[in-house]
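Given next are the chains, with one letter for each unit.
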Amino acid sequence: MKTNYTEEQKYLRAKKKVKSVKGFYVHLMVYLLVNLFLILSNALSHGGWQAFWEWQSYYTAIFWGIGLAFHAFGVFGIDFLLGKDWENRKIKEFMDKDKTEFWE
């Protein structure tokens, strides 16, 4: 079943997608800046650079990073990691591998 979209509907869908991608990049920039500030301020105020190597310094970055990863999947989908035709490439790879193993 193929849906025929009007030009206005295509425009609105594209505009919505651009808005969600922009929202992700804003989220990413805030994540980087806030965590950089937190990690550096923690290292400078709690025992110098030795605090920099403690896991407690990274809790916010780790858990917020998990949320950021879910945001990325929501915006870009699973294709973000594997590519659009990953499944077809893997099927072909396994079929080719099976062919060569069969004849050996």
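Our subject is the structure listed above.
Conventions and cut-offs
Residues numbered from 1 in each chain as written. Predicted model: local features only at pLDDT ≥ 70, side-chain atom pairs only at ≥ 80, totals over all residues. Heavy atoms only, no water. Helix = DSSP H or I, 4+ residues; strand = E, 2+ residues; numbered from the N terminus. Buried < 20%, exposed > 50% of the residue type's maximum accessible area, 1.4 Å probe, protein only. Contact = heavy atoms within 4.5 Å. Axes fitted to C-alpha atoms, helices over the stretch in contact; angles between N-to-C directions. Parallel < 35°, antiparallel > 145°, perpendicular 65-115°, else oblique. Nonpolar A, V, L, I, M, F, W, Y, C, P; charged D, E, K, R; others polar. Polar contact = N/O pair within 3.5 Å; in protein donor to acceptor, adjacent residues only side chain to side chain. Expected span 1.5 Å × (residues − 1). Core = buried A, V, L, I, M, F, W, Y, C linked by side-chain atoms within 4.5 Å. Phe/Tyr/Trp six-rings, centres within 6.5 Å; stacked < 30°, edge-to-face > 60°.

Along the protein, the regular secondary structure elements total four helices and zero strands. Listing each helix as α and each strand as β along the protein from the N terminus yields α-α-α-α. Buried residues in the protein amount to 12% of all 104 residues. Counted over contacts in the protein with a minimum sequence separation of 6, partners at least 24 positions apart contribute 60%.

Viewed as axis vectors pointing N to C, helix H1 (residues 7–45) and helix H2 (residues 59–76) meet at an angle of 170 degrees, and their least axial separation amounts to 10 Å. Between H1 and H2, the crossing angle belongs to the class labelled roughly antiparallel. Of the residues that constitute the contact of H1 with H2, the class distribution is 14 nonpolar, seven polar and one charged.

Glancing now at the side chain of asparagine 35. In this fold, asparagine 35 is placed in helix H1. Owing to a relative accessible area of 5%, asparagine 35 belongs among the buried residues under this scheme. There is a polar contact of 3.3 Å between the side chain of asparagine 35 and the backbone nitrogen of alanine 61. Excluding anything up to four places from it in sequence, asparagine 35 contacts Thr60, Ala61 and Trp64.

Between its first and last C-alpha, H2 extends 25 Å over 18 residues, near the 26 Å set by a 1.5 Å rise per residue. Every buried residue of H2 is listed here: Ala61, Leu68, Ala72 and Val75. Phi for glycine 77, located one or two positions after H2, is positive at around 80 degrees.

Counting seven residues, the largest nonpolar core is built from Val21, Phe24, Tyr31, Ala61, Leu68, Ala72 and Val75. Counting residues per element, the ones that place at least two in this core are H1 and H2. It is H2 that provides the largest number of residues to this core, a total of four residues.

What follows is about the packing of aromatic side chains. Under the counting rule described, the total for this entry stands at four aromatic pairs. Both rings, one in phenylalanine 24 and one in phenylalanine 76, keep their centres 5.4 Å apart while their planes meet at 85 degrees; by these two values the pair is edge-to-face. One end of the pair, phenylalanine 24, is in helix H1; the other, phenylalanine 76, is in helix H2, and 52 residues separate them in sequence. Put simply, the rings of Phe24, Tyr25 and Phe76 pair up and form one aromatic cluster.

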